[in-house]
Amino acid sequence: MDQKALIQAAIDTLPFSYSPYSDFKVAAALLSKEGKVYTGCNIESASYTPSNCAERTAFFKAVSEGVREFEAIAIVGGRKGILDDYCPPCGVCRQVMMEFCSPRDFKVILAKGPDDYKEFTLEEILPLGFGPGNLLVDK
Ligand code: THU
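Worth saying up front: this structure is predicted, and the values here are computed from it rather than measured. (Residues numbered from 1 in each chain as written. Predicted model: local features only at pLDDT ≥ 70, side-chain atom pairs only at ≥ 80, totals over all residues. Heavy atoms only, no water.)

J.: In this structure, what is going on with the environment of cysteine 87? I would like to understand it.
T.: Its location among the elements puts cysteine 87 in the loop between strand S3 (70–79) and helix H3 (91–100). The sequence separation of cysteine 87 and alanine 74 amounts to 13 residues, and the corresponding C-alpha distance is 10 Å. When residues no more than four places from it in sequence are discounted, the contact partners of cysteine 87 are Phe24, Val26, Ile75, Val76, Gly77 and Leu110. (Helix = DSSP H or I, 4+ residues; strand = E, 2+ residues; numbered from the N terminus. Contact = heavy atoms within 4.5 Å.)

Okay, here's the thing in structure tokens:
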């Protein structure tokens, strides 16, 4: 699957964003190494703290189905769902990526549209990240 198709999967998920408090809609499409796509949107809560980001929704869907190896994630988002800027993942989501992904290989694609995107490695957006390797535990 190429970047365009992954971005389009994220864009198609944007209408599902449940964000009545911020009105900031975010969606993600996570590509597993097996080639399956797991989508996610942000889900807010009236008590704010339980809110979940789009990226973590996608990861938690995949991991809860037994999938732990990933190639790339495409992320789109903006106020009222208008994609006029790139939407970088928050620090908590970067840390969740660090749990399951190779910092050197995992691609983070920030998109305004299928033809307008920037691509980073996880290492570029989370330098010196702390991960499972630091604890030397088996995953
Ligand atoms: N949000 C995400 O879904 N992903 C990010 O990485 C950044 C922030 C959501 C959380 C909240 O629902 C809204 O955007 C405003 O912060």
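From this point, things continue past the structure.
J.: Hey, could you run me through the nonpolar core in this one?
T.: Side chains of nonpolar character tend, in soluble globular proteins, to be buried together. In terms of nonpolar packing, the biggest core is built from 24 residues, with Leu30, Phe59, Ile73, Ile75 and Phe106 touching the most fellow members. Every element with two or more residues in this core is listed here: strand S1 (24–32), helix H2 (54–63), S3, H3, strand S4 (107–113) and helix H4 (122–125). What isoleucine 75 contacts, discounting residues up to four positions off in sequence, is Val26, Ala27, Ala28, Glu55, Cys87, Pro89, Met97, Val108, Ile109, Leu110 and Ala111. Among the nonpolar cores identified, the runner-up in size contains 14 residues, and Ala10, Ala29, Leu31 and Val76 belong to it. (Core = buried A, V, L, I, M, F, W, Y, C linked by side-chain atoms within 4.5 Å. Buried < 20%, exposed > 50% of the residue type's maximum accessible area, 1.4 Å probe, protein only.)

J.: What should I look at first to understand the packing of H2 against H3 in this one?
T.: The axes of two packed helices give the description: the angle between them and the distance between them. Interhelical geometry of H2 versus H3 gives an angle of 25° and a closest axis separation of 9 Å. It follows that H2 is roughly parallel to H3 by the angle criterion. The two elements H2 and H3 cross, and the hand of that crossing is left-handed. Residues Glu55, Arg56, Phe59, Phe60 and Val63 of H2 form the contact with H3, whose own contacting residues are Val92, Cys93, Val96, Met97 and Phe100. In terms of residue class, the contact of H2 with H3 is built from 8 nonpolar, no polar and 2 charged. (Axes fitted to C-alpha atoms, helices over the stretch in contact; angles between N-to-C directions. Parallel < 35°, antiparallel > 145°, perpendicular 65-115°, else oblique. Left-handed = near helix turned anticlockwise from the far one by under 90°. Nonpolar A, V, L, I, M, F, W, Y, C, P; charged D, E, K, R; others polar.)

J.: Got a minute to help me understand the packing of aromatic side chains in this structure?
T.: Aromatic ring pairs are reported here in terms of the distance separating the ring centres and the angle at which the planes meet. Applying the stated rule across the entire model yields 4 aromatic pairs. Ring centres 5.9 Å apart and planes at 45° place the aromatic pair tyrosine 21 and tyrosine 48 in the tilted group. With tyrosine 21 in the loop between helix H1 (3–13) and S1 and tyrosine 48 in the loop between strand S2 (37–41) and H2, this pair connects stretches of sequence that are 27 residues apart. For tyrosine 21, a relative accessible area of 42% translates into the label partly exposed. Aromatic rings pair up to connect Phe59, Phe70, Phe100 and Phe106 into one cluster. Positioned above the aromatic ring of tyrosine 86, the side-chain terminus of lysine 112 is 4.8 Å from the ring centre. (Phe/Tyr/Trp six-rings, centres within 6.5 Å; stacked < 30°, edge-to-face > 60°. Lys NZ or Arg CZ within 6 Å of the ring centre and 35° of its normal.)

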